[in-house]
Amino acid sequence: MFHLVWAAAVAVLGALIAFDYRNLALRVYDILAAVSPGGPPGPRFTPDHLRIIWALVAVVFTGVAAVRAVALFG
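Rules behind the numbers
Residues numbered from 1 in each chain as written. Predicted model: local features only at pLDDT ≥ 70, side-chain atom pairs only at ≥ 80, totals over all residues. Heavy atoms only, no water. Helix = DSSP H or I, 4+ residues; strand = E, 2+ residues; numbered from the N terminus. Rg over C-alpha atoms; globule rule 2.2 N^0.38 Å. Contact = heavy atoms within 4.5 Å. Areas by Shrake-Rupley, 256 points an atom, 1.4 Å probe, with all protein chains shown as cover. Salt bridge = Lys/Arg side-chain N within 4 Å of Asp/Glu carboxyl O. Buried < 20%, exposed > 50% of the residue type's maximum accessible area, 1.4 Å probe, protein only. Expected span 1.5 Å × (residues − 1).

> Please clarify how the overall build of the chain should be interpreted in this entry.
Helix and strand counts for the chain stand at three helices and zero strands. The order of α-helices and β-strands along the chain, N terminus first, is α-α-α. For 74 residues, the compact-globule estimate of 2.2 N^0.38 gives 11 Å, and the chain exceeds it by more than 25% at 15 Å. Based on the C-alpha atoms only, the size of the chain along its principal axes is roughly 45 × 25 × 20 Å. Of the contacts formed within the chain by residues at least 6 apart in sequence, a portion of 62% connects residues at least 24 apart. When the accessible surface of the chain is totalled, it reaches about 5,300 Å², and 73% of it is carbon and sulfur.

Next up, the structure:
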C-alpha cells in the first residue's frame, strides 16, 4: 500500500510541476539553484527542461501506480 501511495504522490507532484500551475516549475528551479553544490545549473538548463523531466517522471510514476494498484486490488 505504501508503494502505491508514494507512486501516486510523485505522479501528482510531477504533473503539477509539468503543467506549471502557479509557476511551480520556476520555484522548483530556484530551489534547485539554491541547494546545488557548485552553484546553479548552467544557463542552457531552463525551467522548460525541468518541466519536461517532471512530465516524464509523472508518466512513469503514473504507470507504476497503476501496476501497484492492479497488483494490490486486482
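> Can you walk me through the pattern of salt bridges in this structure?
Two side chains of opposite charge can pair, provided their charged atoms sit close to one another. Within this structure, the stated rule accounts for one salt bridge. Between Asp 48 and Arg 51 there is a salt bridge, with the nearest N and O atoms lying 3.7 Å from each other. Of this pair, Asp 48 and Arg 51 both sit in helix α3 (residues 47-73), three residues apart, which is roughly one turn of that helix. Residue Asp 48 is classed as partly exposed on the basis of its relative accessible area, which comes to 48%.

> How do you make sense of helix α1 (residues 2-19) when you look at a structure like this?
Since the α-helix packs 3.6 residues into each turn, any two residues three or four apart lie on the same face. The terminal C-alpha atoms of α1, which comprises 18 residues, lie 26 Å apart, in line with the 26 Å expected from a rise of 1.5 Å per residue. Of the surrounding secondary structure, the elements contacted by the buried residues of α1 are α2 (24-35) and α3. Phi turns positive, to about 55 degrees, at Asp 20, one or two residues after α1.

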